[in-house]
Amino acid sequence: MAAIYSLFIINKSGGLIFYKDYGSAGRMDTNDSLRVASLWHSMHAISQQLSPTLGCSGIELLEADTFDLHCFQSLTGTKFFVVCEPGTPHMESLLKVIYELYTDYVLKNPFYEMEMPIRCELFDSNLSQAIQKDRVALLGR
């Protein structure tokens, strides 16, 4: 069973710009992945406003019985979130690695239009390597 179920990247407007499934039992179709991304964007925004703490940046971890959802929001408002097995360690550092790949291979791509779906082979291949490296590290523990 995969430690990481899926990865979502949402633009600052709440639009899904990247989705990758890593072998979760219930694969989602395109409409379901769009709904999940939109719902997460809304929940994240509401949590920022309802938080009693000033300067709250929103939900970073959502723990459920069957999965954990880890979220990283960049300074530009782009959200990266991973759905994984409960208790999977080091997801925050993996999200930061994914963000670095995003900045290196997507944002520096002269053909990429901001806020649009990500279609970049270098990003895809390096992302697959990072996820595989993370899985190998988890198995080694």
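About the thresholds
Residues numbered from 1 in each chain as written. Predicted model: local features only at pLDDT ≥ 70, side-chain atom pairs only at ≥ 80, totals over all residues. Heavy atoms only, no water. UniProt positions renumbered as here; feature names shortened; annotations may be inferred. Helix = DSSP H or I, 4+ residues; strand = E, 2+ residues; numbered from the N terminus. Polar contact = N/O pair within 3.5 Å; in protein donor to acceptor, adjacent residues only side chain to side chain. Salt bridge = Lys/Arg side-chain N within 4 Å of Asp/Glu carboxyl O. Buried < 20%, exposed > 50% of the residue type's maximum accessible area, 1.4 Å probe, protein only.

- Per an unreviewed UniProt entry, the chain goes by Trafficking protein particle complex subunit and derives from Dillenia turbinata.
- UniProt annotates the chain under Subunit (unreviewed entry) with the comment "Part of the multisubunit transport protein particle (TRAPP) complex."
- In its Sequence similarities (unreviewed entry) section, the UniProt record describing the chain reads: "Belongs to the TRAPP small subunits family. TRAPPC4 subfamily."

Describing the environment of Asp32
Part 1 of the argument: Within the element layout of this structure, Asp32 appears in helix 1 (residues 30-50).
Part 2 of the argument: Only 2.5 Å separates the side chain of Asp32 from the side chain of Arg35, close enough to count as a polar contact.

Some details on the pattern of salt bridges
If charged atoms from side chains of opposite charge come close, those side chains can pair.
Part 1 of the argument: In this structure the tally under the stated criterion is two salt bridges.
Part 2 of the argument: Two residues, Asp32 and Arg35, come together in a salt bridge whose shortest N-O distance is 2.5 Å. Of the two residues, Asp32 and Arg35 both sit in helix 1, three residues apart, roughly one turn of that helix.
Part 3 of the argument: The exposure class of Arg35 is exposed, given its relative accessible area of 52%.
Part 4 of the argument: With a shortest N-O distance of 3.3 Å, Asp104 and Lys108 are connected by a salt bridge.

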